[in-house]
Amino acid sequence: MAFEDSDVPTAVKIVVAGGFGTGKTTLVGAVSEIPPLRTEELLTEAGTYVDDLAGIEGKETTTVALDFGRITINQRIVLYLFGTPGQNRFWFMWDELATGAIGAVVLVDTRRLDSSFPSIDFFERRNIPFLVAVNMFDDSYDYSIDELRSALDLDSRIPVVKCDARVRQSGKEVLVGLIQHAMSRLEPAAR
Amino acid sequence: MSSRENWWYDEAAGPLVRPYAMVRGRTRPAGELHLITQVLAMPTVSDPSSLSVDHREILDRCARPTSVAELAAHLNVPLVVVKVLLSDLLQRGDIVVHNRPHADVPDRNLLQAVLDGVRGL
Ligand SMILES: Nc1nc2c(ncn2[C@@H]2O[C@H](COP(=O)(O)OP(=O)(O)OP(=O)(O)O)[C@@H](O)[C@H]2O)c(=O)[nH]1
Ligand SMILES: [Mg+2]
C-alpha cells in the first residue's frame, strides 16, 4: 500500500532566536496551537552531536533543550517554530535549525541589546532572512525604531518591529512581517 | 509509555542510554530524519509482537502525520534516540517519512500559503 504525497503535509519552520531571556519561548507559546514542547539533543562532552548510540554507556554526555510550537496552516502545510537554545555556543545546532527555514525572528530586549548581537551576526553572515522584534518589557525605555536600528547597526532592509511576546496578535504580526520579508527577497514572480 | 527513568539509570555517573535490546541492535539513525520530518505509520504493521513499547507508541502517534521533534518530546527521549527507533521502523517498512528538500528555501507559493494561514489565525 502506497501513500500519496497529499496524505502527508509539507512541513516548514521559522527560527526564534535572540539573547538569553529575551522572550523566545514566550513568543513561541503565544502563537503555537499546542503548549510549547521541549526536545533535547544529546551532545558529547566535547559539545558535538551524539550520532551513534553504540558505546554511549559510560561516556559523559550533556543535553541541549529546544522549545518548539506548531501552527497548522491548512491541510497541506504545517509550520513549526523553534526557539534556539539559550547557550550561544552550540552554533552547529543553529545551522541545523536554520537550514531550509523560512527565516528567523531575532528577539531583542532593549535593556540588554548586546545579548542579541550574536544572533543578528549569525543570520546576517549566512544571508538568512530575519526580522528584529523588540520585546517591550514593562520597565524598558521606549526607544524609537530608528534609534534601535542604529544601535543594532542594522542594514536598512532588515525589518525592525516592536512586540509583546506574550500577546498572540502581536506574535502573529511578527510572523507576518518575517514571511513578507522572506518573500521580498525572492526573485520577482514570473508573470 | 516510556519514561525518562527507563533511559537514564545512573544520575551520578551522568546520563546513560538504556541498552538497545529495544533498538534491535541498530545504533545510528537514518540520514533522512530531521526535526520537522513528517512520519506516518503504515495501516498494518509487519509483526507487532516483535516491537518494543516505544516503537508501538511511535506507531500509535503516527496514525496521523507527526514530526520527529514532536515524537521525541512526547516519548521524552533525546532526538538521536527517537531517530534510531524510527530507523528501525523505516527498515521494517512500518512507517513512511516525508521531507521537503532539506536545504531548499521555501518558494513563493509555499510562502504565500503560509502567510495567508498565519494572517487567518
Ligand atoms: N513584561 C514582559 N515580560 C515578558 C515578555 N516576554 C517574556 N516575558 C517574560 O520574560 C521572561 C523570559 O521569557 P522567556 O520566554 O522564557 O525567554 P527565553 O528567551 O525563552 O529565555 P531563555 O530560553 O532562557 O533564553 C519570562 O518570565 C517571561 O514571562 C514581554 O513581552 N513583556
Ligand atoms: Mg526559552
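Look above for the structure.
My aim in this report is to walk through the structure given alongside it, one point at a time. (Residues numbered from 1 in each chain as written. Chains lettered and ligands numbered in written order. Predicted model: local features only at pLDDT ≥ 70, side-chain atom pairs only at ≥ 80, totals over all residues. Heavy atoms only, no water.)

**Focus on the overall build of chain B**
- Of regular secondary structure, chain B possesses 5 helices and 3 strands.
- Along chain B, helices (α) and strands (β) appear in the sequence α-β-α-β-α-α-β-α when read from the amino end.
- Put simply, of all contacts in chain B between residues at least 6 apart along the chain, 68% involve residues at least 24 apart. (Helix = DSSP H or I, 4+ residues; strand = E, 2+ residues; numbered from the N terminus. Contact = heavy atoms within 4.5 Å.)

**A short note on the pattern of salt bridges**
Residue and element names in this part refer to chain A.
- On inspection of all chains with the given rule, the structure shows 13 salt bridges over all chains.
- Here Asp109 and Arg112 are joined by a salt bridge, their closest N and O atoms 3.2 Å apart.
- Judged by its relative accessible area of 0%, Asp109 is buried.
- The closest approach of N and O atoms between Lys162 and Asp142, which form a salt bridge, is 2.6 Å. Within this pair, whereas Lys162 is found in strand β7 (residues 160-163), its partner Asp142 is found in the loop between β6 (130-135) and α4 (145-151), the two being separated by 20 residues in sequence. (Salt bridge = Lys/Arg side-chain N within 4 Å of Asp/Glu carboxyl O. Buried < 20%, exposed > 50% of the residue type's maximum accessible area, 1.4 Å probe, protein only.)

**Looking at helix α1 (residues 24-31) of chain A**
All names here are of chain A.
- Within α1 the residues assigned to the buried category are Lys24, Leu27, Val28, Ala30 and Val31. Buried residues of α1 fall within an arc of 160° about the axis and therefore sit on the same side.
- Structurally, α1 contributes buried residues whose contacts are with β1 (10-18), β3 (61-74), β4 (77-83), β5 (103-108) and α5 (168-184). (Arc of directions from axis to C-beta.)

**Details of the environment of A:Trp91**
Residue and element names in this part refer to chain A.
- Relative to the helices and strands, Trp91 resides in helix α2 (residues 91-98).
- As a C-alpha pair, Trp91 and Gly29 span 62 residues in sequence and 24 Å in three-dimensional space.
- Setting aside anything within four residues of it in sequence, one finds Trp91 in contact with Pro118 and Phe122.

**Things to note about the site of ligand 1**
Residue and element names in this part refer to chain A.
- If you check the shell around ligand 1, you find 14 residues, and the closest are Gly21, Lys24, Thr25, Thr26 and Asn135.
- One of the side-chain nitrogen or oxygen atoms of Thr26 is found 2.4 Å away from an oxygen atom of ligand 1.
- The side chain of Asp138 places a nitrogen or oxygen atom 3.4 Å from a nitrogen atom of ligand 1.
- About the coverage of ligand 1: the protein hides 68% of its 650 Å² of free accessible area.
- Across the shell around ligand 1, the residue classes break down as 4 nonpolar, 6 polar and 4 charged. (Near = heavy atom within 4 Å. Polar contact = N/O pair within 3.5 Å; in protein donor to acceptor, adjacent residues only side chain to side chain. Areas by Shrake-Rupley, 256 points an atom, 1.4 Å probe, with all protein chains shown as cover. Nonpolar A, V, L, I, M, F, W, Y, C, P; charged D, E, K, R; others polar.)

Honestly, it's all geometry; don't read function into it.
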